[in-house]
Amino acid sequence: MNFKNVYLADLMEKVKKRNPGEPEFHQAVEEVLESLEPVIEKHPEYIEKGVIDSIVEPERIIKFRVPWVDDNGKVQVNRGFRIQFNSAIGPYKGGLRFHPSVYEGIIKFLGFEQIFKNSLTGLPIGGGKGGSDFDPKGKSDMEVMRFCQSFMTELSKHIGADTDVPAGDIGVGGREIGYLFGQYKRLRNEYTGVLTGKGIPFGGSLARTEATGFGLCYFTDAMLKDNGSSFAGKTVVISGSGNVAIYANQKATELGAKVVAMSDSNGYIYDKNGVDLACVKQLKEVERKRIKEYVVTHPEAEYHEGCSGIWGVKCDIALPCATQNEIDEASAEKLVKNGCKVVAEGANMPSTPEAIHVFQKNGLLFAPAKAANAGGVATSALEMSQNSMRLSWSFEEVDAKLHDIMVNIYHNAAAAAEEYGMKGNLVAGANIAGFLKVANAMLAQGVV
Ligand code: NDP
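A quick note: this is a predicted structure, and the numbers were derived from the prediction, not measured. Starting afresh in each chain, residues are numbered from 1 along the sequence in its written order. The predicted origin of the model limits local features to residues at a pLDDT of at least 70 and limits the giving and counting of side-chain atom pairs to 80 or more, whereas totals for whole chains, interfaces and linings rest on all residues. Values shown for side chains rest on all heavy atoms present in the structure; no hydrogens or waters enter the calculation.

Caption draft 1: Examining the site of the ligand more closely. One heavy atom within 4 Å of a molecule or strand is enough for the residue carrying it to be called near that molecule or strand. Around the ligand sit 26 residues, and of these D169, T212, S265, R290 and N348 come closest. In the model, an oxygen atom of the ligand is placed 2.6 Å from a nitrogen or oxygen of the D169 side chain. In the model, an oxygen atom of the ligand is placed 2.8 Å from a nitrogen or oxygen of the S241 main chain. Its free accessible area being 900 Å², the ligand has 85% of it covered by the protein chains. For the shell around the ligand, the secondary structure elements donating two or more residues are α9 (208-226) and α10 (243-254). Gly is put with the polar residues, along with every residue not named as nonpolar or charged; the nonpolar set is Ala, Val, Leu, Ile, Met, Phe, Trp, Tyr, Cys and Pro, and the charged set is Asp, Glu, Lys and Arg. Residue composition of the shell around the ligand, grouped by class: six nonpolar, 13 polar and seven charged. Polar contact criterion, stated in full: a pair of N or O atoms within 3.5 Å, where within protein one must be able to donate a hydrogen and the other to accept it, and residues adjacent in sequence count only if both atoms are side-chain atoms. For the area figures, the Shrake-Rupley method with a 1.4 Å probe applies, and any residue is considered shielded solely by the protein chains shown. A run of DSSP states H or I qualifies as a helix once it reaches four residues; a run of E qualifies as a strand once it reaches two. Both are numbered from the N-terminal end.

Here's what the structure looks like:
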């Protein structure tokens, strides 16, 4: 820990004691508090009025049992979570993650990050996150439906279009959102925009599916342009092959880059001719198969077991789009050694603090998740606006708004970094710009 400020050092110790066994949450808080050192020197009122003490404590943690019946008639029991972290600037907003690794610490880290990310979008949304240790992989559609219905039976008591509006995340895509929405409507007898990422026929927004991946590339493109470069002619490596990774690939390719590698939690593919995205979409979105199947139809490509090997593939730009802490120090060093010049995070917290240090020390352009992957939640907020107005915008309209939001986030983060004496450090810039708006709203609302 590198705190010069005693108050922040003590607060960090308190967070660790109060939230034992939750290293991902500690990591997320530490990164934000470190960035805030110069801010509180200028604005001691954030300490005096308890804003920083409050912002690291969730407003509410909901934890519940999710019993459901599998296809063999056996009762299965999972655990559900919703953490309503901060509502200073709007209703809680953030995705639901269904993955066996989910526990309270993961949801807390994601909910905490969401506060600042949502603030950066410039839209009126607070921070929240939820999920379950349920694993949708290998389950039948009917099992997924029964699980979602049970999950929503409890969750529906705590959410609402003006209170808390969940969306998707790992393991929660269009299918799961549909089942969750159907159950909410049935329980509450109301047709509201209580979830985002809905199907287009029932209130979804065009371009929401593409938004996180597209937004990541719009942000990266703005950062590249500001540094006299672009995607054109660059070689790109993208981890993951889920929602974020697929649409990051599509947009990076549209902007003139060649994506040569993608992965899933078993291994990665390398295709020197450029990954055939239509094939990846068919395998992952339609057939729900493993990425290794790619080489069956593309014998010229290679498949390698294990996910971290992907960071040894030579590239100009790396877009980690799978999961937290997927790039450690050794992987970061491999990227640097192979000439990578840009890392932009599509997943949440995919680089360890040591990896970020390696990138910064070697002068790479580094775009942190909070800023770079905010396009998903921004478009979710646009879906909320359309639902409230009972209107829908065209794909082009939503995409144009997304583009402007991402370019603004880049410029705001870059400006905040410069104002606080850390020019080019977008980690600090994003944390500071995201924090200031929420902190000022909290100050104005008093001790609540
Ligand atoms: P998906 O479930 O659609 O895809 C996740 C991808 O990451 C899959 O390829 C999956 O492989 C891989 N993956 C998941 N867990 C691991 C792991 N432990 N190790 C290696 N690979 C793993 O999720 P999304 O694309 O929606 O989310 C990806 C990341 O982006 C997450 O960090 C999420 O929080 C973040 N994010 C998502 C947003 C969205 O709008 N969807 C918005 C902002 C951030 P496999 O198929 O083998 O599980």
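Caption draft 2: A look at the sheet that holds strand β11 (residues 342-344). Here, strands pair whenever DSSP counts at least two bridges between them. As summarised here, the arrangement of the seven strands in space is β9-β8-β7-β6-β10-β11-β12, forming an open sheet in which the pairing is mixed. The outermost strands of the open sheet, each flanked by one partner alone, are β9 (302-305) and β12 (365-367). Strand-to-strand twist in this sheet, taken as the mean axis angle between neighbours without regard to direction, amounts to 15°. One ladder, built from four bridges, connects strand β8 (residues 267-270) with β9; its direction is antiparallel. For G267, the partnering residue across the bridge sits in β9 and is E305. With axes taken as lines fitted to C-alpha atoms, and helix axes fitted only over the stretch in contact, angles between N-to-C directions fall between 0 and 180 degrees.

Caption draft 3: Region of interest: the nonpolar core. We define a nonpolar core as any set of buried Ala, Val, Leu, Ile, Met, Phe, Trp, Tyr and Cys residues linked to one another through side-chain atoms lying within 4.5 Å. Exposure categories follow from relative accessible area, calculated using a 1.4 Å probe and restricted to protein chains: below 20% of the type maximum is buried, above 50% is exposed, and the middle band is partly exposed. Core analysis: the biggest nonpolar cluster contains 56 residues, and F219, I238, M262 and L319 have the highest contact counts within it. With nine residues, α9 is the single largest residue contributor to this core. Residues count as neighbours in contact if any of their non-hydrogen atoms are within 4.5 Å of one another. Beyond its immediate stretch of four places on either side in the chain, I238 contacts A245, A248, N249, V259, A261, M262, S263, I310, L319 and C321. Counting 40 residues, the second-largest nonpolar core is a separate cluster that includes L36, I89, I432 and M442.

Caption draft 4: Layout of the pattern of salt bridges. Salt bridge, as used here: a side-chain nitrogen of Lys or Arg that lies within 4 Å of a carboxyl oxygen of Asp or Glu. The final tally for this structure, using the stated rule, is 22 salt bridges. Here R175 ties to D141 by a salt bridge, and the two come within 2.7 Å at their closest N and O atoms. Of this pair, R175 sits in helix α8 (residues 174-188) while D141 sits in helix α7 (residues 141-155), and the two are 34 residues apart along the sequence. Between D264 and K284 there is a salt bridge whose closest N-O contact spans 3.1 Å. Residue D264 is located in the loop between β7 (258-263) and β8, and its partner K284 is located in helix α11 (residues 277-286); the two are separated by 20 residues in the primary sequence. Each member of the pair, D264 as well as K284, carries the same accessibility label: buried.

Caption draft 5: Broad picture of the packing of helix α1 (residues 6-18) against helix α2 (residues 23-35). One can describe the packing of α1 onto α2 by two numbers: an axis separation of 10 Å at closest approach and a directional angle of 165°. Our classification of the angle between α1 and α2 gives roughly antiparallel. As α1 packs across α2, the resulting crossing turns out to be right-handed. Where α1 approaches α2, its residues L8, L11, M12, V15 and K16 are matched on the opposing element by F25, H26, V29, E30 and L33. Each angle gets one of four labels, with under 35 degrees taken as roughly parallel, over 145 as roughly antiparallel, 65 to 115 as roughly perpendicular, and the rest as oblique. By convention, the crossing between two helices is left-handed when the near helix turns anticlockwise from the far helix through less than a right angle, and right-handed when the turn is clockwise.

By themselves, these observations are geometric and do not establish any function.
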